[in-house]
Amino acid sequence: MHAKQAVILILAGAQAAAGLDPRSPCEFVPRELRLTDVPGILHVVIEKYPKCEMASYRSFGGDALGRRTIEVEVDSGVVTQKNKAWKATAAYAYNHGIRNITTVDQSGYLEYFRDRTTNAVCVRGKMFGESKLVFLLPGFVPPAEDDPRGALLSFYSEALRKFYFIYSDGGGHARDTVASCTLDPEPVCIATRTSLNLLRLSAHGETRVYDSLRLVAFPNGWSHGGYTYYSFDQNALVRSVDALNGHLEAPIEVDSRIGVAYAVEGGREQMIKIRAEK
């Protein structure tokens, strides 16, 4: 994925009354984002609620007053609200979405330290047979605790046949370095300093690697859950995929046919817009 972005306005927001619970739905709220059989055309499901005023909301039970689907042509910005005029259908297009993209199994290996005096990290797992791989990470300092997950984040790209390690150069918790390590003909690691904010990523939970898109998703470590997405190349993490890293409740999607990430942002008192990132 590359850092090309586009923002398309769907609906203008409304002024919210002071003191309104920010979690309370009001006005228009985007609920779903659906791919269609035509790449670049999306269907967005929007629910309607009472106006963003305390008086009207207090007397409101909480269910949506209505629900509608609109069609958005991302490249042109054309929005079509009547389904008789739609150019695409959402049937079966979900097969190309992020929930159906094959991920690389990350459960088949274990990291451990050879000792506490070197920068060597050992990897062993069923995906590598009986081999023990030893990676020398430039600038890596083993932690005092036994669990390497507190000091290292890692993922494996099957397509590139590489391990990636995220850690702090010289020790500490900065997570300012990404090392990409080859497996063949022997383990060799090249480290790259990064300015990406990686501090909130969690080493606990399932890391998802979408090799076909060069995309990796880490559990983000926040109490409310969710994932933080980055693109990667042969050498390092390249950038944060902002379209996927917004509000936790924002509908997101990735079209694997064209390698574009989408998010529906806003709602309530804010403008509703689609963010597209390739």
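These figures come from a predicted structure and were not determined experimentally.

Q: So, the nonpolar core: which residues are in play, and what are the values?
A: In terms of nonpolar packing, the biggest core is built from 37 residues, with Phe135, Leu137, Phe163, Phe165 and Leu237 touching the most fellow members. Secondary structure elements with two or more residues in this core: strand E7 (120–124), strand E8 (132–136), strand E9 (153–157), strand E10 (162–167), strand E11 (177–182), strand E14 (215–219) and strand E15 (227–232). Counting residues per element, this core draws most heavily on E10, which supplies 5 residues. Each residue touching Phe163, except ones within four places of it in the same chain, is listed here: Tyr109, Val123, Phe128, Leu133, Phe135, Phe155, Tyr156, Ala179, Ser180, Cys181 and Leu183.

Q: Lay out unusual backbone geometry with the relevant residues and their values.
A: Along the chain, Asp184 connects to Pro185 via a cis peptide bond; the corresponding omega equals -5°. Here Pro185 is to be found in the loop between E11 and strand E12 (188–193). Of note, Arg214 is a non-glycine position whose phi angle comes to about 55°, a positive value.

Q: Describe the state of the cysteines, listing the residues and the values that go with them.
A: All chains considered together, the criterion is met by 1 disulfide. Here Cys181 is linked by a disulfide to Cys189, with a sulfur-sulfur distance of 2.1 Å. Measuring the twist about the S-S bond at about 110°, one finds the Cys181-Cys189 disulfide to be right-handed.

Q: Describe the sheet that holds strand E4 (residues 66–73), with residues and values.
A: Across the sheet, which stays open at both edges, the 4 strands sit in the order E2-E3-E4-E5 with antiparallel pairing between neighbours. Across the chains shown, the open sheet's two edge strands, defined by having one partner strand only, are strand E2 (28–35) and strand E5 (78–80). The sheet shows a mean angle of 30° between the axes of neighbouring strands, direction not considered. Taken together, the 8 bridges between strand E3 (residues 41–48) and E4 define a ladder with antiparallel strand orientation. Bridging from a neighbouring strand, His43 pairs with Glu71 of E4.

Q: Before we move on, can you summarise the pattern of salt bridges with the specific residues and values?
A: In total, this model carries 13 salt bridges according to the counting rule given. Asp176 is the partner of Arg193 in a salt bridge, and the nearest nitrogen-oxygen pair spans 2.9 Å. With Arg193 in strand E12 and Asp176 in the loop between E10 and E11, this pair connects stretches of sequence that are 17 residues apart. Here Asp176 falls in the buried class, since its relative accessible area comes to 15%. Within the structure, one salt-bridge network assembled from shared partners comprises Arg31, Glu32, Arg34, Glu47 and Arg67.

Q: Just give me the short version of the packing of aromatic side chains, but keep the residues and values in it.
A: Applying the stated criterion across every chain, the model contains 14 aromatic pairs. Seen from their ring centres, Phe128 and Tyr156 are 5.4 Å apart, and the 80° between their planes marks the pair as edge-to-face. With Phe128 in the loop between E7 and E8 and Tyr156 in strand E9, this pair connects stretches of sequence that are 28 residues apart. There is no split in this pair, since Phe128 and Tyr156 are both buried. Clustering of aromatic rings is evident, with ring pairs tying together Tyr109, Phe128, Phe135, Tyr156, Phe163 and Phe165.

Q: Give me the lowdown on the side chain of Asp255, citing residues and values where you can.
A: Assignment of secondary structure puts Asp255 in strand E17 (residues 252–255). A polar contact of 2.8 Å, which involves the side chain of Asp255, links it to the side chain of Arg257.

Q: So what about the confidence of the model for the chain? Which residues, and what values?
A: Chain-level statistics for the chain give a pLDDT mean of 84 and a share of 85% at 70 or above. Residue range residues 16–20 is modelled with pLDDT below 50. Its contacts to residues more than four positions away, or to other chains, number 12 contacts.

Q: Summarise the side chain of Ser157; cite the residues concerned and give the values.
A: The topology assignment puts Ser157 in strand E9. The buried category is assigned to Ser157, whose relative accessible area is 0%. A polar contact of 3.2 Å, which involves the side chain of Ser157, links it to the backbone nitrogen of Leu160. Beyond its immediate chain neighbours, meaning those up to four positions away, Ser157 contacts Lys162, Tyr164, Asp211 and Phe232.

Q: Please set out the pairing of E12 residue by residue, giving values where relevant.
A: Sheet topology places E11 next to E12; 6 bridges connect them, and they run antiparallel. Each bridged residue has a counterpart across the sheet, and for Thr182 the counterpart in E12 is Val188. In sequence, E11 turns back onto E12 through a hairpin of 5 residues.

The rules behind the values
- Residues numbered from 1 in each chain as written.
- Predicted model: local features only at pLDDT ≥ 70, side-chain atom pairs only at ≥ 80, totals over all residues.
- Heavy atoms only, no water.
- Core = buried A, V, L, I, M, F, W, Y, C linked by side-chain atoms within 4.5 Å.
- Buried < 20%, exposed > 50% of the residue type's maximum accessible area, 1.4 Å probe, protein only.
- Helix = DSSP H or I, 4+ residues; strand = E, 2+ residues; numbered from the N terminus.
- Contact = heavy atoms within 4.5 Å.
- Disulfide = S-S within 2.5 Å.
- Pairing = 2+ DSSP bridges.
- Axes fitted to C-alpha atoms, helices over the stretch in contact; angles between N-to-C directions.
- Salt bridge = Lys/Arg side-chain N within 4 Å of Asp/Glu carboxyl O.
- Phe/Tyr/Trp six-rings, centres within 6.5 Å; stacked < 30°, edge-to-face > 60°.
- Polar contact = N/O pair within 3.5 Å; in protein donor to acceptor, adjacent residues only side chain to side chain.
- pLDDT = per-residue confidence, 0-100.

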